[in-house]
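If you want the building blocks of each chain, they are given just below.
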Amino acid sequence: MGVQKLDKLFKPNSIAVIGASDKIGKAGYRIFRNLIGSGYEGVVYPVNPTKESIQGIHTYKNINEVPKVVDLAIIVTPARAVCEVVEQCGKRGVKGILIISAGFKEIGEEGKKLENKLLKIKKKYGLRIVGPNCVGYILPYLNMNATFAGSMPEKGNIALFSQSGAVCGAILDWAAAAKVGFSSFISVGSMLDVDFGDLIDYFGRDAHTRSIVLYAESITNARKFMSAARAFARVKPIIVIKSGRYSEGAKAASSHTGAMAGEDYINDAAFKRAGMVRVKNIQDLFNVSSILAKQPRPTGPNIAIITNAGGPGVLATDAIIEQGGKLANLSAETMVQLNEFLPSHWSKSNPIDIIGDSDEEVYKKTMEVCLQDKNIDGLLIICVPQVMANPKNLADNIIDISKRSTKPILTSFPGEASVQYARQLLNNNNVPTYSTPEEAVESYMYLYRYARNLQLLFETPEERNIIQVENHQKRLKEIINTALKDKRTLLSESEAKEFIELYGIKSTRPIFAKDENAAVETSEKIGYPIVMKIQSPQISHKSDAGGVALNVNCEKDVREAFRNMMTKVKKNVPDATIEGVTIQKMVENKGSEFILGSKKDPVFGSVILFGLGGIFTELFKDRSIGFPPLSQVLVQRIIEKTKAYELLKGYRNIPPVDMAKVEETIINFSQLIEEHPEIQEIDINPLAPSGNDLIALDARIVIDENPEGKPHLIIGRYPNQYISHVKLKDGTEVILRPIKPEDEYMWLEMFKSFSEETVRFRFFRLVKDTPHEMRTRYCNIDYDREIAIVAEITENGKRRLLGVSRIIMSPGNEKEAEFAIVVSDKWQRLGLGSELVDHTIAIVKNRKLERIHGTVLKDNTPMIALCKEKKFKITEGDPGEYKIEYHL
């Protein structure tokens with residue numbers, strides 16, 4: 001369902017409160033009271049079968065008696081009555097439902113049955129539902145308080161969505177004291193229908209909302225959630241606190257990856273990949289929200305501290321370094337200016353200790369000088385109660401300067417009685433203030449890391465060749481089907497290594513030996529030294545079972561290793577079926593060993609893990625997690641977060657590893673995971689450097705017998721199916737394919753080839769400059785929401801883009817998309833525009849859309865002619881524009 005259908009919930013002109021009450025203390029009393037007493041300008045109807053009037057207003061016995069079809073029904077009845085009430089609302093034509101009532105899945109099976117019944121009713125009538133089991137929501141710009149909370153927060157620019165009603169109450173109290181306002185304040189409850197993804201999409205487009213804050217206990221529909229967050233995190237910061245950070249679920253995992261990729265690490269990685277900021281506790285949520293609401297966002301890590309006492313300045317410095325920030329280097333010009341008016345014994349460096357006998361005017365001059373310094377990204381003002389500086393007067397000065405500053409200014413006034421009024425004054429005038437310098441620094445750094453993370457996420461990746469495995473798909477399916485036919489979910493080592501080799505990952509291929517003599521014969525054939533491993537479908541971790549012998553050098557050692565192995569394994573895993581052993585060449589590894597793995601998370605689908613490997617994998621727990629599909633830049637980010645990265649660069653007597661080869665291996669591995677949703681878990685451990693290559697010394701793959709309906713990829717993969725080859729009128733051969741992030745520089749070159757007229761026809765205005773941030777918007781796209789088809793040629797050995805057609809789908813709207821096209825001037829009138837339109841229409845049909853639409857300037861005669869040729873409907877639009885539509 002499209003987000004526009006949420007207007008009935010969040011822009012209602014009329015509301016019915018079903019279960020409205022006269023009894024003080026009841027939720028139905030408080031919600032109705034809040035609605036009629038908060039200044040909401042719509043009509044509110046109380047519905048109660050046993051009352052003539054409620055709170056002095058005529059009451060209706062049921063929704064059918066209400067004189068008009070309302071936009072929103074708020075249900076505050078016992079859970080057992082909710083389904084019947086919702087059915088009545090659906091029949092009456094009500095489309096927005098807010099269910100306050102508890103007693104659903106949170107109480108167990110009976111509650112789940114009620115929710116399933118509600119879902120059927122929702123689908124039957126096309127309803128949108130918030131709840132159940134929530135405290136409602138507040139929309140300050142509509143003066144609408146549909147909760148049983150007592151106060152209406154101030155109007156502001158933060159949208160808050162919370163799964164916890166108690167947290168909602170705490171935040172309301174804090175916001176009132178801190179003078180933080182909200183654009184919306186929504187308790188989501190069980191998220192039967194409307195979830196975080198819907199809300200981010202809806203309020204991401206809201207003009208009053210500049211940032212979004214989430215309190216999440218669980219994530220539903222992770223792909224929709226990630227898509228929505230990625231769409232808006234670039235322009236509106238999304239702050240999330242996720243409870244339930246620890247889980248015992250990893251204990252049952254059958255691979256090292258399964259054990260190490262714990263739930264919270266996956267949450268962390270998901271939030272980072274979407275560009276969100278994760279905070280760990282409620283206080284951080286408050287602190288970061290305060291900066292978002294009141295100050296410009298940090299653009300760099302360089303902080304200047306202005307303090308009247310040395311100790312707090314040192315504490316702030318420690319916090320900056322610990323959080324990954326930097327003490328700003330004061331410019332020579334700043335030093336000259338400060339020396340002109342500060343006491344001769346000031347600190348002469350950052351922190352700028354202006355000494356305890358400096359007054360508020362000295363603070364003011366120091367701030368003004370520092371804000372002009374290009375080396376400084378933000379200020380932290382610390383004022384410890386002293387004799388000279390009057391906290392109230394200082395607060396006035398800070399407020400005055402803050403109104404004119406484009407850099408964030410944070411304050412910390414440690415103490416209580418003597419600084420309390422000053423703190424209140426600062427809060428009331430959009431200057432965040434903290435009780436300790438450490439809190440201020442941490443809040444600043446959270447938001448700096450947000451900006452830095454986005455910068456890294458949207459860095460332009462290098463092009464990498466894609467492994468072509470089409471010819472091997474039959475063999476890959478055979479391997480999986482053979483295992484399932486044998487009632488095995490664990491592939492043999494030989495099968496697993498063949499699988500990964502088909503994706504360009506080299507390995508030591510094992511040879512099966514049924515008995516001791518066969519083991520000797522195979523070892524002689526391969527050549528010493530060799531590695532011997534147990535072969536058993538029940539044994540996943542061979543080392544733990546005593547089933548690995550390394551560096552075996554002769555026949556005598558082979559026989560001894562075989563006998564010892566059989567004894568140990570039978571003792572350690574008495575129920576295992578032992579088929580024999582495998583023999584493989586021993587690879588000399590003078591460097592470190594790594595792990596590369598993947599597992600299926602029940603919420604976020606397939607995740608990829610990289611880190612230090614070998615027998616100490618779970619002891620060191622060096623890991624970094626990402627989500628397929630992975631580009632070169634995303635792989636680089638994963639590697640850089642590990643201790644393994646330092647070893648890969650070379651450490652002491654360990655030689656460096658070819659980083660491009662490491663990146664290529666992980667990209668190939670990502671492709672393997674993307675193309676095989678039936679893989680439940682996979683470990684390549686150890687993955688060892690050998691010369692210029694990486695070799696998989698061991699590999700295990702666990703198959704999911706029933707992958708259907710389970711999450712696999714939470715981010716859409718590159719749509720190869722839309723690649724096509726065409727010939728232009730002059731015979732030029734052109735590839736039509738979806739755009740990708742690696743195309744950024746070719747896109748820029750194409751843009752520079754456009755005439756001013758072509759730029760105006762495409763962008764409806766003259767665009768002179770296209771900075772990196774703009775280019776990534778056009779090249780680094782979410783294929784679930786947008787498809788851009790580029791026309792590519794290779795000319796004199798150089799690849800070039802000639803034009804782009806683009807369709808942008810509205811979130812959740814399965815029926816239509818916006819359409820645009822541009823062709824470079826030199827390549828116009830050769831049939832390329834026609835080919836791009838035809839290809840785009842074919843994609844629209846494939847996506848089962850019903851309509852595409854766009855806007856064309858009236859003087860863009862070539863485009864108008866093309867639209868007529870392709871049977872687009874052309875109608876009047878805004879002055880100087882036509883609207884174009886194509887119905888399928």
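Quick notes on the rules
Residues numbered from 1 in each chain as written. Predicted model: local features only at pLDDT ≥ 70, side-chain atom pairs only at ≥ 80, totals over all residues. Heavy atoms only, no water. Helix = DSSP H or I, 4+ residues; strand = E, 2+ residues; numbered from the N terminus. Rg over C-alpha atoms; globule rule 2.2 N^0.38 Å. Buried < 20%, exposed > 50% of the residue type's maximum accessible area, 1.4 Å probe, protein only. Areas by Shrake-Rupley, 256 points an atom, 1.4 Å probe, with all protein chains shown as cover. Lys, Arg positive; Asp, Glu negative; His and termini not counted. Charge placed at Lys NZ, Arg CZ, Asp CG, Glu CD. Pairing = 2+ DSSP bridges. Contact = heavy atoms within 4.5 Å. Axes fitted to C-alpha atoms, helices over the stretch in contact; angles between N-to-C directions. Parallel < 35°, antiparallel > 145°, perpendicular 65-115°, else oblique. Left-handed = near helix turned anticlockwise from the far one by under 90°. Nonpolar A, V, L, I, M, F, W, Y, C, P; charged D, E, K, R; others polar. Phe/Tyr/Trp six-rings, centres within 6.5 Å; stacked < 30°, edge-to-face > 60°. Disulfide = S-S within 2.5 Å. Salt bridge = Lys/Arg side-chain N within 4 Å of Asp/Glu carboxyl O. Polar contact = N/O pair within 3.5 Å; in protein donor to acceptor, adjacent residues only side chain to side chain. 1 Å grid on protein atoms, 1.4 Å probe; cavity = no way out; pocket = protein on both sides within 12 Å on 5 of 7 lines; lining within 4 Å. Points joined across faces, edges and corners; volume = space filled by probe spheres on them.

A. Highlighting the overall build of the protein chain. Within the protein chain, the secondary structure is distributed over 29 helices and 38 strands. The C-alpha radius of gyration computed for the protein chain amounts to 32 Å, which stays within 12% of the reference 29 Å derived for 888 residues, consistent with globular compactness. The principal-axis extent of the C-alpha atoms belonging to the protein chain is close to 95 × 80 × 65 Å. Counting the 888 residues in the protein chain, one finds 57% classified as buried. As presented, the protein chain carries roughly 38400 Å² of accessible surface, and 49% of it is formed by carbon and sulfur atoms. Both charge centroids of the protein chain, one from 117 positive and one from 111 negative side chains, sit 4 Å from each other.

B. Just the pairing of strand E24 (residues 580-585), in detail. Where burial is concerned, most of E24 is hidden: five out of the six residues are buried. Pairing between strand E21 (residues 511-513) and E24: three bridges, direction antiparallel. Along E24, the bridge assignment pairs Ala513 with Val581. Of the strand pairs in this sheet, strand E22 (residues 530-535) and E24 are connected by six bridges, and their pairing is antiparallel. Across the sheet, Gln535 pairs through a bridge with Gly580, a residue of E24.

C. Quick look at the environment of Leu425. Along the chain, the position of Leu425 falls in helix H15 (residues 417-428). A relative accessible area of 16% places Leu425 in the buried class. Put simply, Leu425 and Pro391 are 34 residues apart on the chain and 10.0 Å apart in space, counted from C-alpha to C-alpha. Each residue touching Leu425, except ones within four places of it in the same chain, is listed here: Lys392, Ala395, Asp396 and Ile399.

D. Representation of the pairing of strand E28 (residues 679-690) within the structure. Across the twelve residues of E28, ten count as buried, placing the element largely inside the fold. Where E28 meets strand E30 (residues 699-703), five bridges bridge the pair, whose relative direction is antiparallel. In the sheet register, Glu681 faces E30, and the bridge partner there is Val702. As judged from the four bridges shared by E28 and strand E29 (residues 693-696), these two strands associate in the antiparallel manner. Across the sheet, residue Pro689 finds its bridge partner in E29, namely Leu694. Between E28 and the antiparallel strand that follows it, E29, lie two residues; Gly691 among them carries a positive phi value of about 65°.

E. Examining the packing of helix H10 (residues 282-294) against helix H16 (residues 437-457) more closely. Two elements in contact, H10 and H16, have axes separated by 9 Å at closest approach and are oriented at 70°. One way to sum up the angle between H10 and H16 is to call them roughly perpendicular. Here H10 and H16 pass one another in a crossing that is right-handed. Along the contact surface, H10 presents Gln283, Asp284, Asn287, Val288, Ile291 and Leu292, while H16 presents Glu439, Glu442, Ser443, Tyr444, Tyr446 and Leu447. Along the lines of polarity and charge, the residues of the contact of H10 with H16 split into six nonpolar, three polar and three charged.

F. Fine view of the packing of aromatic side chains. If you walk through the whole model with that rule in mind, you get 18 aromatic pairs. Seen in terms of ring centroids, Phe763 and Tyr778 are 5.9 Å apart; in terms of plane orientation they differ by 80°. Their pairing is edge-to-face. Placement of the pair is Phe763 in helix H26 (residues 756-763) and Tyr778 in helix H27 (residues 772-779), with a sequence separation of 15 residues. For Tyr778, a relative accessible area of 15% puts it in the buried group. Where Phe872 meets Tyr886, the ring centres are 5.2 Å apart and the plane angle is 50°; that geometry is what we call tilted. Taken as a pair, Phe872 in the loop between helix H29 (861-869) and strand E37 (873-876) and Tyr886 in strand E38 (residues 881-887) lie far apart in primary sequence, 14 residues in all.

G. Looking closely at the state of the cysteines. Following the criterion strictly, the structure yields zero disulfides and no others. No disulfide involves Cys383; its sulfur sits 16 Å from that of Cys370, the nearest cysteine.

H. Fine view of the pattern of salt bridges. For the structure shown, the criterion picks out 58 salt bridges. Between Arg637 and Glu459 there is a salt bridge, with its nearest N and O atoms 3.5 Å apart. Of this pair, Arg637 sits in helix H22 (residues 632-640) while Glu459 is found in the loop between H16 and helix H17 (473-485), placing the two residues 178 residues apart along the sequence. Taking relative accessible area as the criterion, Arg637 reaches 12% and is therefore assigned buried. Overall, Glu459 belongs to the partly exposed group, its relative accessible area being 31%. Overlapping salt bridges bring together Lys122, Arg128, Asp193, Asp195, Asp198 and Lys224 as one network.

I. Spatial organisation of the side chain of Thr770. Inspection of the secondary structure assignment puts Thr770 in the loop between H26 and H27. When neighbours within four sequence positions are excluded, Thr770 is seen to be in contact with Trp747, Leu748, Phe751 and Arg775.

J. Spotlight on the side chain of Thr758. The topology assignment puts Thr758 in helix H26. In this structure Thr758 comes out as buried when scored by relative accessible area, which is 7%. A polar contact is formed between the side chain of Thr758 and the side chain of Asp825, at a distance of 3.0 Å. Aside from chain neighbours lying at most four places away, what touches Thr758 is Val822, Val823, Asp825 and Gln828.

K. The sheet that holds strand E7 (residues 128-130), seen in detail. On the basis of which strands lie adjacent, the open sheet formed by five strands has the order E2-E1-E5-E6-E7 and parallel pairing. Of all strands in the sheet, those bounded by a partner on one side alone are strand E2 (43-47) and E7. If you compare each strand with its neighbour and ignore which way they point, the axes differ by 20° on average. Here strand E5 (residues 72-75) runs beside strand E6 (residues 96-99); their pairing, made up of four bridges, is parallel. Within E6, the residue paired with Leu72 across the bridge is Gly96. Strand contacts of helix H2 (residues 27-37): strand E1 (14-18), E2 and E5, with the helix running at about 160° to E2, the strand carrying the most contacts.

L. Summary view of empty space enclosed by the protein. Counted by the stated rule, this structure contains four cavities of 30 Å³ or more. Along its surface, the largest cavity is lined by Trp747, Met750, Phe754, Arg762, Phe763, Tyr778, Val804, Ser805, Arg806, Ala820, Ile821 and Val822. Listed by contribution, the elements that provide at least two residues to the lining of the largest cavity are helix H25 (744-752), H26, strand E34 (798-809) and strand E35 (816-823). The class makeup of the residues in the lining of the largest cavity is nine nonpolar, one polar and two charged. In this structure, the second largest cavity encloses a volume near 50 Å³.

M. Fine view of the environment of Asn350. Relative to the elements of secondary structure, Asn350 occurs in the loop between helix H12 (332-341) and strand E17 (352-353). By relative accessible area, Asn350 is classed as buried at 11%. Sequence separation of Asn350 and Ile305 is 45 residues, and the distance between their C-alpha atoms is 6.4 Å. In contact with Asn350, other than residues within four places in its own chain, are Ile303, Ala304, Ile305, Leu327, Ala328 and Leu330. In terms of polar contacts, Asn350 uses its side chain to reach the backbone carbonyl oxygen of Ile303, at 2.9 Å.

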